[in-house]
Amino acid sequence: MFCSDEFIRPPRGTIEAMSFIARYYAPSIFMRCGCDAKRRMANFLMNNAIQVTNLRRVYKSYVGVFRRKLKEVEAVKGISFEVAAGELFGILGPNGAGKTTTVKMLTTLLLPTSGTATILGHDVVRDVSALRPRIGFIFGGERGLYWRLSGMDNLKYFSSLYQIDPAVQAKRIPYLLELVGLKERANEKVEGYSRGMKQRLHIARTLLNDPEVMFLDEPSIGLDPVAARDIRRVVRDLRDEKKTILLTTHYMFEADELCKRIAVINKGEIVALDTPANLKRVVQDLSVVELEVKMFTPDALERLKGLPFVDAVTVQEREQNSLVIVQSPRGAEAVSELLAQLNGATVQKVTVREPTLEDAYVRLVEGMDETKKEGAGSK
Amino acid sequence: MFLKYLYAIFAAFKMNFLSLVVDGFFIFATLLMPLIYALIAFGILRDKGAHYGIFVAVGSGLAGLWTTLLFGSGNAITGERWSGTLELIAATPTPMWMIVFGKSLGVILQSLLSMVASYLLGWLVFGYPLGIAQPLEFFLVLFIGLLSFIAFGLMLAPLFLLNPQVQQFQNALEYPVYILCGFLFPIALLPFWTTPLSYILSPYWTARLLQAAAGGTLAWEQLVNESIYILALGGVYILIASVLFRIVLKKARVDATLGLQ
């Protein structure tokens, strides 16, 4: 795992040294005590809103009709991380990486198979009733709303279930509708809303109980660029209000733009955890060559991957052609050899650029997969 | 705290009723269906005498209420599951059984409107004097009975939380209650070993009292004793329901079935 040490630099001066001791030694003593109140105190001292330790989740199902066999899938494999109060923390990973399972465990909707997680000092398994009023969450997509009711009625209903005082509701709901830009359409049925509007209504819903910690699970998934930008604006505003936010996404630019730190998760494991700037350093020795190719074949892909100076290759299929993205330390010097592997294909455009967070992500995720394949091969 | 729970129950009732009202099917289920049934029932009973109408109306009304409630409670969970809101409401501080209770109130109101529509039809179209001999007692029993009725349905709702496939068994629960509660014919016609089962079902006592009140044979002592018994049964049902909801919700968190469709 990659990890920055910028948060644990040595203390300077007496006061800072005392503060250092309070923050880094006292919590560990409290943590070892085990009881809830002391664990909460430890988290308070560490200023952590979310503390996840060796969290693991296994899904069990049965397959077959007569001879039913138990099938187990380990969706989250013992992950650990912490999120400071007021931090916007990102979990970045491909589909099926375990992002949603992690969020569901942290929001008390799923029980972990093992490990612990505390939010604001409350254990997600034992302190459910104390924790729920203090958190909010949304899952990406259009579901999770009552389509036959208006946006206003949806918010009123959820407010009542959160047992918010009617006088507070009367002020908060119009404020939230204004915040997410739905004031004008508040009395229209949700079924007439666009996808982006529904997602903004979700955000308003999750803010109804003024949560201290928010979990946003792929909030911009499936949105057009304008709607996704609106969502990012709202998230940025919430970040500026010092809400603690855990955001999952598979859009790199979104994580790069919004998050203070990012955990890259793949196949249930955290493969890197750092600031976006430090994550990009993973690929600082590389350049990226983008080739727009017509008639790109799987054989050509294998040939590219087989080149000794190629670190990773990804292909994005487009309507007219394929975009082949090659990471290599040789950059522009590698172009001629790369083109030589594409015999038969038509190369329409070649671009050499600096690596982005997306490239770092590809390297981290693909690197992990390659390591696993090699490990399996050597057995 | 108590007021906040009441407010949450009212919100669930209002939300469910509003959802039903804006649905085109509501008009059909509330007005057109009773019209069809009333046409058939009152047509058949034309020669039986005017006093017979209220007995049929009470029996069939309660049978209709049970069906509505059974499917209403089950669908309350299934509907939330389909719309992706089950996980959201499960994560609110309001207990799930209270939410389903509120939603059942919405369903019951729809069913009552339907009953009233069919009574009015019998009176206006067929000229049956749907008089209730003891109206005060009748409506008092109806109110108590409905609360207990909802509590009874509430006991079954946790089963639907377990897994979407459990709903397939919903139909199987409809007729046993009709028969055991004497909605359609007296329970004296049933084998003796079924009688204790009838006694622990509050709808049976509700039907007895309603029919007695409609016919003018309800004694004050019977009204008090059996009403207390109905309320006590309702309390026991709610107690069982709240425990079942807790167990089943925990199991749903283990099995990850809250988000299933």
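Structure first, text after, so check above.
Residues numbered from 1 in each chain as written. Chains lettered and ligands numbered in written order. Predicted model: local features only at pLDDT ≥ 70, side-chain atom pairs only at ≥ 80, totals over all residues. Heavy atoms only, no water.

Participant: When you look at the overall build of chain A in this model, what are you seeing that I'm missing?
Facilitator: A tally of regular secondary structure across chain A gives 14 helices and 15 strands. Scored against the burial criterion, the 379 residues of chain A give a buried share of 50%. Put simply, 70% of the contacts in chain A that link residues at least 6 apart link residues at least 24 apart. Of the accessible surface of chain A, which amounts to about 18300 Å², a share of 53% is contributed by carbon and sulfur atoms. (Helix = DSSP H or I, 4+ residues; strand = E, 2+ residues; numbered from the N terminus. Buried < 20%, exposed > 50% of the residue type's maximum accessible area, 1.4 Å probe, protein only. Contact = heavy atoms within 4.5 Å. Areas by Shrake-Rupley, 256 points an atom, 1.4 Å probe, with all protein chains shown as cover.)

Participant: Hey, could you run me through the sheet that holds strand β3 (residues 69–84) of chain A in this one?
Facilitator: Strands belonging to one sheet form pairs held by backbone hydrogen bonds; the direction of such a pair is parallel or antiparallel. Residue and element names in this part refer to chain A. On the basis of which strands lie adjacent, the open sheet formed by 4 strands has the order β3-β2-β5-β6 and antiparallel pairing. The open sheet has two free edges, formed respectively by β3 and β6 (122–123), since each of these has just one partner strand. Relative to β6, strand β5 (residues 114–119) runs antiparallel, the two sharing 2 bridges. Following the sheet pairing, T118 is matched in β6 by D123. Packing of helix α4 (residues 99–106) onto the sheet brings it into contact with β2 (48–63), β3 and β5, and relative to β2 it is tilted by some 115°. (Pairing = 2+ DSSP bridges. Axes fitted to C-alpha atoms, helices over the stretch in contact; angles between N-to-C directions.)

Participant: Sorry if this is basic, but what is going on with unusual backbone geometry here?
Facilitator: Most peptide bonds adopt trans geometry, and most residues besides glycine take a negative phi value. Residues and elements named next belong to chain A. Positive phi, close to 55°, is recorded for Q163, a residue that is not glycine. With respect to the element layout, Q163 can be found in the loop between α6 (151–161) and α7 (166–179). Residue classification places Q163 among the buried positions, given a relative accessible area of 11%. Positive phi, close to 70°, is recorded for K242, a residue that is not glycine. Considering the arrangement of structural elements, one finds K242 in the loop between α9 (225–240) and β9 (244–249). Judged by relative accessible area, K242 falls into the exposed class, the value being 63%.

Participant: What is the right way to look at the interface of chain A and chain B in this model?
Facilitator: Interface size is commonly expressed as the accessible surface area that is lost when the partners come together. At the junction of the two partners, chain A supplies 31 residues and chain B supplies 34 residues. Taken together, both faces of the contact between chain A and chain B bury some 3000 Å²; the carbon and sulfur share is 60%. The largest contributions to the chain A side of the interface with chain B come from R143, L161 and Q163 of chain A, which together make up 23% of the buried area. Between chain A and chain B we count 1 salt bridge in total. The salt bridge involving K104 of chain A is made with E87 of chain B; its shortest N-O contact spans 2.8 Å. In this structure, the connection of chain A to chain B is made through 13 residue pairs in polar contact (both at pLDDT 80 or more). Breaking the side of chain A that touches chain B down by element, the ones donating at least two residues are β2, β7 (135–139), α6 and α7 of chain A. The dominant element in the side of chain A that touches chain B, judged by the number of residues it contributes, is α6 of chain A, at 5 residues. (Buried area = accessible area lost by both parts, 1.4 Å probe. Salt bridge = Lys/Arg side-chain N within 4 Å of Asp/Glu carboxyl O. Polar contact = N/O pair within 3.5 Å; in protein donor to acceptor, adjacent residues only side chain to side chain.)

Participant: Hey, could you run me through the nonpolar core in this one?
Facilitator: The tendency in soluble globular proteins is for nonpolar side chains to be buried as a group. Core analysis: the largest hydrophobic core is formed by 160 residues, its most contacted members being I50, F81, L106, I119, F215 and V264 of chain A. Broken down by element, the residue count for this core peaks at 15 residues, all from helix α6 (residues 135–162) of chain B. When residues of this core are sorted by domain, at least three fall in each of domain 2 (50–274) and domain 3 (284–378) of chain A. If we skip the residues at most four places from it in the chain, I119 of chain A touches A49, I50, L106, V124, L131, I135, V213 and F215 of chain A. Counting residues in hydrophobic clusters, the runner-up holds 18 residues, among them V293, L301, F309 and V313 of chain A. (Core = buried A, V, L, I, M, F, W, Y, C linked by side-chain atoms within 4.5 Å. Domains from an automatic or database assignment.)

Participant: Could you clarify how one ought to interpret the packing of aromatic side chains in this entry?
Facilitator: Two aromatic rings, taken as a pair, are described by how far apart their centres are and by the angle between their planes. With the rule as written, the count across this model stands at 16 aromatic pairs over all chains. Each ring, one from F138 of chain B and one from F139 of chain B, has its centre 5.4 Å from the other, and the planes form 85°; the classification is edge-to-face. Owing to a relative accessible area of 4%, F138 of chain B belongs among the buried residues under this scheme. Here a set of aromatic residues connected by ring pairs shows up, and it is made of W66, F149, F152 and Y237 of chain B. Above the face of the F139 of chain A ring, K104 of chain A is positioned so that its terminal group lies 5.3 Å from the ring centre. When the ring centre of W147 of chain A is taken as origin, the NZ or CZ atom of K198 of chain A, which lies over that ring, is 3.8 Å away. (Phe/Tyr/Trp six-rings, centres within 6.5 Å; stacked < 30°, edge-to-face > 60°. Lys NZ or Arg CZ within 6 Å of the ring centre and 35° of its normal.)

Interpretation in functional terms is not warranted from these geometric data alone.
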